[in-house]
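# Secondary and tertiary structure notes
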Amino acid sequence: MTKPSEEVETMDDATPEESKPKGIRPANLTAVIVAAVVVALAGIGGGYAYWTHHEGNAYHEAVAQAENADKALMKAVDEATATTYKADQLKEPKLLDKLNEQVKKAESLKGIPDDNPSEWLAWRLASAKKANATDADEANAQAKALNAALKAVKDSRLAKELDTAKDQLKQGIDGAGQTLKDTDGKVADNATRDSLAKAIDEANNALSKKGVTDPKTYTDAKAKLDEAVRQVTDSKAAKEQADAEAAAQAQAQAQAAAQAQAAAQAAAQPQRSYSQSYNRYGGSGSGYSSNRGYSAPQQSYTPSSNGGGSSYSGPTITGGGISNNDNGNGQPIGSEGLL
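Residue positions are given per chain, counting from 1 as you read along its sequence in written order. Side-chain atom pairs in this predicted model are given and counted only at pLDDT of 80 or more, local residue features only at pLDDT of at least 70, and totals for whole chains, interfaces and linings cover all residues. Neither water nor hydrogens contribute to the side-chain values; these are computed over all heavy atoms in the structure.

## As for the environment of Ala-188
- Helix numbering and strand numbering both begin at the N terminus, where a helix is a DSSP run of H or I of at least 4 residues and a strand a DSSP run of E of at least 2. With respect to the secondary-structure elements, Ala-188 resides in the loop between α5 (122-182) and α6 (191-207).
- For Ala-188, a relative accessible area of 55% corresponds to the exposed category.
- On a C-alpha basis, the gap between Ala-188 and Lys-236 in space is 6.1 Å, while along the polypeptide they are 48 residues apart.
- The residues touching Ala-188, leaving out its near neighbours within four places in the chain, are Ser-235, Ala-238 and Lys-239. We call a residue buried when its accessible area falls under 20% of the maximum for its residue type, exposed when it is over 50%, and partly exposed in between, using a 1.4 Å probe and counting protein chains only. By definition in these notes, contact holds between two residues if any of their heavy atoms fall within 4.5 Å.

## As for the pattern of salt bridges
- Within this document, salt bridges are pairs made up of a side-chain nitrogen of Lys or Arg and a carboxyl oxygen of Asp or Glu, the two lying within 4 Å of each other. Taken as a whole and judged by the stated rule, the model has 12 salt bridges.
- Between Glu-79 and Lys-154 there is a salt bridge, with the nearest N and O atoms lying 3.0 Å from each other. You can see Glu-79 sitting in helix α3 (residues 26-82) and its partner Lys-154 sitting in helix α5, a full 75 residues away along the chain.
- Owing to a relative accessible area of 37%, Glu-79 belongs among the partly exposed residues under this scheme.
- Given a relative accessible area of 32%, Lys-154 falls into the partly exposed group.
- A single network of salt bridges, built from pairs that share partners, joins Glu-227, Arg-230 and Asp-234.

## Here we look at the side chain of Ser-235
- Mapped onto the elements, Ser-235 comes out in helix α7 (residues 216-268).
- Looking at Ser-235, the relative accessible area reads 8%, which means it is buried.
- Residues in contact with Ser-235, not counting those within four places in the same chain, are Val-187, Ala-188, Asp-189 and Thr-192.

## Structural notes on the packing of α6 against α7
- A fitted line through C-alpha atoms serves as each axis, taken over the contacting stretch for helices, and the angle formed by two N-to-C directions is quoted from 0 to 180°. One can describe the packing of α6 onto α7 by two numbers: an axis separation of 9 Å at closest approach and a directional angle of 160 degrees. Comparing the axis directions of α6 and α7 gives the class roughly antiparallel. With respect to the hand of their crossing, α6 and α7 are arranged in left-handed fashion. Taking contact as the criterion, the partners of Thr-192, Arg-193, Ser-195, Leu-196, Ala-199, Ile-200, Glu-202, Ala-203, Ala-206 and Leu-207 in α6 are, on α7, Thr-217, Tyr-218, Ala-221, Lys-224, Leu-225, Ala-228, Val-229, Gln-231, Val-232 and Ser-235. Angle categories are assigned with fixed cut-offs, so that under 35 degrees is roughly parallel, over 145 is roughly antiparallel, 65 to 115 is roughly perpendicular, and the rest are oblique. Crossing handedness is read from the near helix: turned anticlockwise from the far helix by less than a right angle, it gives a left-handed crossing, and turned clockwise, a right-handed one.

## Let's talk about the nonpolar core
- If you look at the biggest cluster of nonpolar residues, it comprises 20 residues, and the most contacted ones within it are Ala-80, Tyr-85, Leu-99, Val-103, Leu-146 and Val-153.
- Put simply, the parts of the chain that give this core at least two residues each are α3, α4 (95-108) and α5.
- Ranked by size, the runner-up nonpolar core spans 19 residues in total, among them Ile-173, Ala-203, Ala-228 and Val-232. To form a nonpolar core, buried Ala, Val, Leu, Ile, Met, Phe, Trp, Tyr and Cys residues must be joined to one another through side-chain atoms within 4.5 Å.

## Considerations on the side chain of Gln-142
- Its location among the elements puts Gln-142 in helix α5.
- Look past the residues within four positions of Gln-142 in its chain and what remains in contact with it is Leu-73, Gln-102, Lys-105, Ala-106 and Leu-109.

## What to know about α7
- Expected span, for any helix, means 1.5 Å times one less than how many residues it has. Between its first and last C-alpha atoms α7 spans 77 Å; for 53 residues at 1.5 Å apiece the expected length is 78 Å, and the two agree.
- Within the sequence span of α7, burial applies to Tyr-218, Ala-221, Leu-225, Ala-228, Val-229, Val-232 and Ser-235.

## Brief notes about α6
- In this model, α6 (17 residues) spans 25 Å end to end at C-alpha, consistent with the 24 Å of a helix rising 1.5 Å per residue.
- Along α6, the residues that are buried comprise Thr-192, Arg-193, Leu-196, Ala-199, Ile-200, Ala-203, Ala-206 and Leu-207. For α6, the angular spread of buried residues about the axis comes to 130 degrees, placing them on one side. Think of it as the arc spanned by the lines of direction from the helix axis to the C-beta atoms.

By themselves these figures say nothing about function.
In structure tokens, the structure reads:
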């Protein structure tokens, strides 16, 4: 029996070199490891580059969106503050407080973050992208709320204007109807009253319309109605003036005729008269009177109470003639002067 060491040859000794199994030599192993590391690093580098590129594009897109949102918000603020609204202009005055509140909120937003992240710092790009996206969302939401508040104020003001214009038209129709009634037969041109009646009908039609959104529907009808009323009023005033002038002219003519008649009567009656009188007892005398007429001499005879004689008093002339028993020559006539 042979010894194992003698009978069996070791593989290293008996096996030919060509038949021995091949393994990884140390030099080749090092090369493989290096290659694997290079491939890994290349993969990592490519992935990081892709990540930074992606985040960079997203960041710039977020910046553009934030800029647009901020511009829209500032435009909304400018529009809301461009017009001064007053509480008494609104049908619902409290809406003005809500609008002012939204304006303050819009002005308090910070806007786009002022940062410029490196294009190779992916995590910084991602953070800046998120900040800009947040800013855009806030600006868009605030602009929407501000525009809604502004629209509510405008609608409330329009509603108040519509109510006011409608009420004024109602009052105008009532006044025009009264004018039409009061001027019957009192105008110089009755065609103006016909025009007023037509304007009243048109105003009533405008007043009965549904869904009116423009105050001009009422204000235009009111303006036309006012013009028709003015024409009637002017025509009434013209007739009143013409009547007054005619009355004044008639009065002047009547006065002139009365004056002429009085003058004619005055001319027909002499202002003074002169007459000559004769004394029944001889001689003549002239008497003068002024529009009081002339009375003939009066004589009186009184019988004597003793039966033996009588007494006589001379003539008496009234109205400016011979009086007081005067014979016209300044000598009184007594009983001894009788023949």
